[in-house]
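# Fold and geometry: a report
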Amino acid sequence: MKNPKPEFVTVVVLNDGETFTDVRGCSLCVIPLEQYESVVNSGGDAKDFAPVVEIGLDTLSRSYPST
């Protein structure tokens with residue numbers, strides 16, 4: 001009997017070392033520093049950013065060698 005192939009999930013771990021989520025719907029955003037500071041200082045939220053570049057993490061792929 002063959003062992004089943006392991007299943008994996010890709011997660012994003014934030015810099016506090018405790019907060020994490022799977023990458024579905026997550027993105028890396030490049031925003032101007034002034035905009036970032038404005039949103040942070042006004043108690044805003046990530047939805048308030050207008051990124052100049054947004055990279056969807058769930059669309060990235062990587063291939064690994066067969067084992």
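Quick notes on the rules
- Residues numbered from 1 in each chain as written.
- Predicted model: local features only at pLDDT ≥ 70, side-chain atom pairs only at ≥ 80, totals over all residues.
- Heavy atoms only, no water.
- Helix = DSSP H or I, 4+ residues; strand = E, 2+ residues; numbered from the N terminus.
- Buried < 20%, exposed > 50% of the residue type's maximum accessible area, 1.4 Å probe, protein only.
- Contact = heavy atoms within 4.5 Å.
- Salt bridge = Lys/Arg side-chain N within 4 Å of Asp/Glu carboxyl O.

Mapped onto the elements, Val23 comes out in the loop between β2 (20–22) and β3 (27–30). Overall, the relative accessible area of 12% leaves Val23 in the buried class. Considering only alpha carbons, one finds Val23 and Asp58, 35 residues apart in sequence, at a separation of 5.4 Å. Once residues within four sequence positions are removed from consideration, Val23 is found in contact with Thr10, Val11, Val12, Leu57 and Asp58.

Taken as a whole and assessed by the stated rule, the structure comprises one salt bridge. Of the charged contacts in the structure, one is a salt bridge between Arg24 and Asp22, with a shortest N-O distance of 2.8 Å.

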